[in-house]
Amino acid sequence: MVLRRSPKSARPQRDRIIIGDSLEQLAKIPDASVDLVFADPPYNLQLDGELLRPNNTRVDGVDNDWDRFASFADYDAFCRTWLGECRRILKPDGAIWVIGSYHNVFRLGATMQDLGFWILNDVVWRKVNPMPNFRGRRFTNAHETLIWAARDQKSRYTFNYESLKAFNDDLQMRSDWLFPICSGPERLKDDDGRKAHPTQKPEALLNRVLLASSNVGDVVLDPFFGTGTTGAVAKRLGRSYIGIERDKDYAAAARERIAKVRQLPASALETQPSKRSEPRVPFGTIIELGILKPGSALFDPRRKIRAEVKADGTLSWQKSQGSIHRLGAHVQGKQACNGWTFWHFETGGKLKPIDELRERAKQQLGLARMPALIAAE
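Being a predicted model, the structure only gives us computed values, none of them experimental.

**Let's talk about the sheet that holds strand β6 (residues 176-179)**
And then number 1: With mixed pairing, the eight strands of this open sheet are ordered in space as β1-β8-β7-β2-β3-β5-β4-β6. The sheet terminates laterally at β1 (16-19) and β6, the two strands that pair on one side only. Strand-to-strand, the axes of this sheet are offset by a mean angle of 20°, without reference to chain direction.
And then number 2: The sheet contact formed by strand β4 (residues 118-127) and strand β5 (residues 143-150) spans eight bridges and is antiparallel. Residue pairing across strands places Arg 126 opposite His 143, the latter belonging to β5.
And then number 3: Across the sheet, helix α5 (residues 203-213) lies against β2 (34-39), β3 (90-100), β4, β5, β6 and β7 (219-222), angled at about 145° from β6, the strand it touches most.
And then number 4: Seen against the sheet, helix α6 (residues 229-236) touches β2, β7 and β8 (240-245) and runs at an angle of roughly 170° to β8.

Structure follows, in structure tokens:
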């Protein structure tokens, strides 16, 4: 297939559903114009005949034409094309999430690495309520796998680490996620009361993906949009979306669904900043701004060690002198030390970490974090 690509200088129209073949429509999206991709591609389930329950009733599974490929080679060629297009349209610091099952996720992962994506994590979505294994010849398939990858090895991808840690009761978020499959009122139904889409993903899953790896105002692309879970969550979280879907009924259901979503207020969308992303303020700046004067005393948390601040930004203790980090490590007999949290200054008869002085410096320098704003297009 020969794909006609969009001009590099064009900008994609946001918050829209494009009806058409994903390969053809991806080729029309400009280079380096998308911040994040979430892809739930055909799994190529290789089903042979109907799947029946023990009572001989038919399982409402995936038997659609869009999930059928003549061979693994055909499926691989399809995936190389759409993944290659996604990499082209991602910004240099962009990232992609791809979800799959044992049928296809290993083929997807290899293709992604061949194309130059840099895999960051594989995340296991463990299902609370998986479909039983009716034939009783295999383990119950109780999970799906998500691959999270940066556009390339040098990408400065978004990861809202501090927010995810706070979200998880101040514990690092792990790569095994527990969610139920989409059911109840969230599951879209057609006019006959049947599933509108056989593989609708739960909004909770997309909520975590977007909170973790995107920012307010980012453009999120879903090349296999289905009934619009990505678009609904993106709109609620103040992100823009582009969805590609070839089935007009799915697209209509997605459009109706997203129209009912209300974006959260800007104040509710502020994320906890990562320490690594904050502007760097060296200890010497604290002295230059007069926040801490040369000759001042700093102490360890237990007030057993007293060091003197020097005009050049170093500290001295007994016959040793060095940076806040080097001297902090030396007095403890350690290889490394975070001087900002180890050294304390005295105020009002109490000791406080000098990290608080760094925050004062940021205020004076105009580097304090401003509230999150949603960019208007």
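**Quick word on the pattern of salt bridges**
And then number 1: As enumerated under the stated definition, the model contains 15 salt bridges in all.
And then number 2: Taken together, the shared-partner salt bridges connect Asp 31, Glu 85 and Arg 88 into one network.

**Side note on α5**
And then number 1: Of all eleven residues in α5, eight are buried; the element is thus mostly enclosed.
And then number 2: Taken together, the buried positions of α5 are occupied by Glu 203, Leu 205, Leu 206, Arg 208, Val 209, Leu 210, Ala 212 and Ser 213.

**Focus: the side chain of Thr 111**
And then number 1: Along the polypeptide, Thr 111 turns up in helix α3 (residues 105-115).
And then number 2: Relative accessible area serves as the criterion here: at 8%, Thr 111 is assigned to the buried category.
And then number 3: A polar atom in the side chain of Thr 111 sits 3.0 Å from the backbone oxygen of Arg 107.

**Examining the packing of aromatic side chains**
And then number 1: Applying the stated criterion to the full structure yields twelve aromatic pairs.
And then number 2: Ring plane angle 40° and centroid distance 6.5 Å describe the contact between Tyr 75 and Phe 78, whose orientation is recorded as tilted. Of this pair, Tyr 75 and Phe 78 are both found in helix α2 (residues 72-89), three residues apart, which corresponds to roughly one turn of the helix. Judged on exposure class, the residue Tyr 75 and its partner Phe 78 are both buried.
And then number 3: The rings of Trp 97, Trp 148, Tyr 157, Phe 159, Tyr 161, Trp 177 and Phe 179 are connected pair by pair, giving a single aromatic cluster.

**Thoughts on the pairing of strand β14 (residues 350-353)**
And then number 1: As defined by bridge partners, strand β13 (residues 344-347) adjoins β14 across four bridges and the pair is classed as antiparallel. Within β14, the position partnered with His 344 by the bridge is Pro 353.

**Some points on unusual backbone geometry**
And then number 1: The backbone of Asp 169 sits at a positive phi, close to 60°, despite the residue not being glycine.
And then number 2: For Asp 169, the position within the fold is in the loop between α4 (161-167) and β6.
And then number 3: Taking the relative accessible area as the measure of exposure, Asp 169 reaches 67% and is therefore exposed.
And then number 4: Positive phi, normally seen in glycine, also occurs at Arg 303, with a value near 65°.

**As for the confidence of the model for the chain**
Should the pLDDT be low somewhere, the predicted coordinates at that spot are not to be read in detail.
And then number 1: Mean pLDDT over the chain works out to 86, with 85% of the residues at or above the 70 mark.
And then number 2: Note on residues 51-59: pLDDT is under 50 here. Beyond four places in sequence and across chains, it has 16 contacts.
And then number 3: Across residues 370-377, confidence stays below pLDDT 50; counting only partners more than four residues off in sequence or on other chains, it has ten contacts.

**Some details on the side chain of Ser 240**
And then number 1: Mapping Ser 240 onto the fold places it in strand β8.
And then number 2: Ser 240 gets classed as buried once you look at its relative accessible area, which sits at 9%.
And then number 3: Apart from residues no more than four positions distant in its own chain, Ser 240 is found in contact with Arg 14, Asp 15, Asp 218, Val 219, Val 220 and Ala 234.

**A closer look at the packing of α6 against helix α7 (residues 248-259)**
Angle between the axes and distance between the axes: these two values describe a pair of packed helices.
And then number 1: In the contact formed by α6 and α7, the axes pass within 9 Å of each other and the chain directions differ by 20°. With respect to each other, α6 and α7 are oriented roughly parallel. For the element pair α6 and α7, the recorded crossing hand is right-handed. Every residue of α7 that contacts α6 at Thr 229, Gly 231, Ala 232 and Lys 235 is listed here: Arg 257, Ile 258 and Ala 259.
And then number 2: The residue inventory of the contact of α6 with α7, partitioned by class, reads three nonpolar, two polar and two charged.

**Topic: the environment of Ser 175**
And then number 1: Here Ser 175 shows up in the loop between α4 and β6.
And then number 2: Expressed as a C-alpha distance, the spacing of Ser 175 and Leu 146, which sit 29 residues apart in the sequence, is 9.5 Å.

**A look at the environment of Leu 120**
And then number 1: Turning to its location among the elements, Leu 120 is positioned in strand β4.
And then number 2: C-alpha separation for the pair Leu 120 and Tyr 157, spaced 37 residues apart in sequence, amounts to 9.9 Å.
And then number 3: Excluding its chain neighbours within four sequence positions, the residues that come into contact with Leu 120 are Trp 148, Ala 149, Ala 150 and Tyr 157.

Here is what the cut-offs are and how they apply
Every residue gets a number counted from 1 within its own chain, in the order that chain's sequence is written. Given that this is a predicted model, residues contribute local features only at a pLDDT of at least 70 and side-chain atom pairs are listed and counted only at 80 or more, while totals for whole chains, interfaces and linings are drawn from all residues. Hydrogens and waters are ignored; side-chain quantities use all the structure's heavy atoms. Two strands qualify as a pair provided that DSSP identifies no fewer than 2 bridges between them. Helix and strand definitions here come from DSSP, where helices need a minimum of 4 consecutive H or I residues and strands a minimum of 2 consecutive E residues; each element is numbered from the N-terminal end. An axis is simply a line fitted to the C-alpha atoms; with a helix, the fit covers only the stretch in contact. Between two such axes, the angle follows the N-to-C directions and lies from 0 to 180 degrees. Residue contacts follow a heavy-atom distance rule, with two residues in contact if any of their heavy atoms lie within 4.5 Å. Salt bridge criterion: a side-chain nitrogen from Lys or Arg within 4 Å of a carboxyl oxygen from Asp or Glu. Any residue under 20% of the maximum accessible area for its type is buried, any over 50% is exposed, and the rest in between are partly exposed; the area is computed with a 1.4 Å probe on protein chains only. Polar contacts here mean pairs of N or O atoms no more than 3.5 Å apart (in protein, one a potential hydrogen donor and the other a potential acceptor; neighbouring residues in sequence count only if both atoms are side-chain atoms). In summary, the pairing rule links any two rings of Phe, Tyr or Trp, Trp by its six-membered ring, whose centres are within 6.5 Å, and it sorts them by plane angle into stacked for under 30 degrees, edge-to-face for over 60 and tilted for everything else. By definition, pLDDT measures how confident the predictor is in each residue, and it falls between 0 and 100. An angle counts as roughly parallel when it lies under 35 degrees, as roughly antiparallel when it exceeds 145, as roughly perpendicular when it falls between 65 and 115, and as oblique in every other case. Two helices crossing with the near one rotated counterclockwise from the far one by less than a right angle form a left-handed crossing, whereas a clockwise rotation gives a right-handed crossing. Charged means Asp, Glu, Lys or Arg here, nonpolar means Ala, Val, Leu, Ile, Met, Phe, Trp, Tyr, Cys or Pro, and polar covers whatever is left, Gly included.

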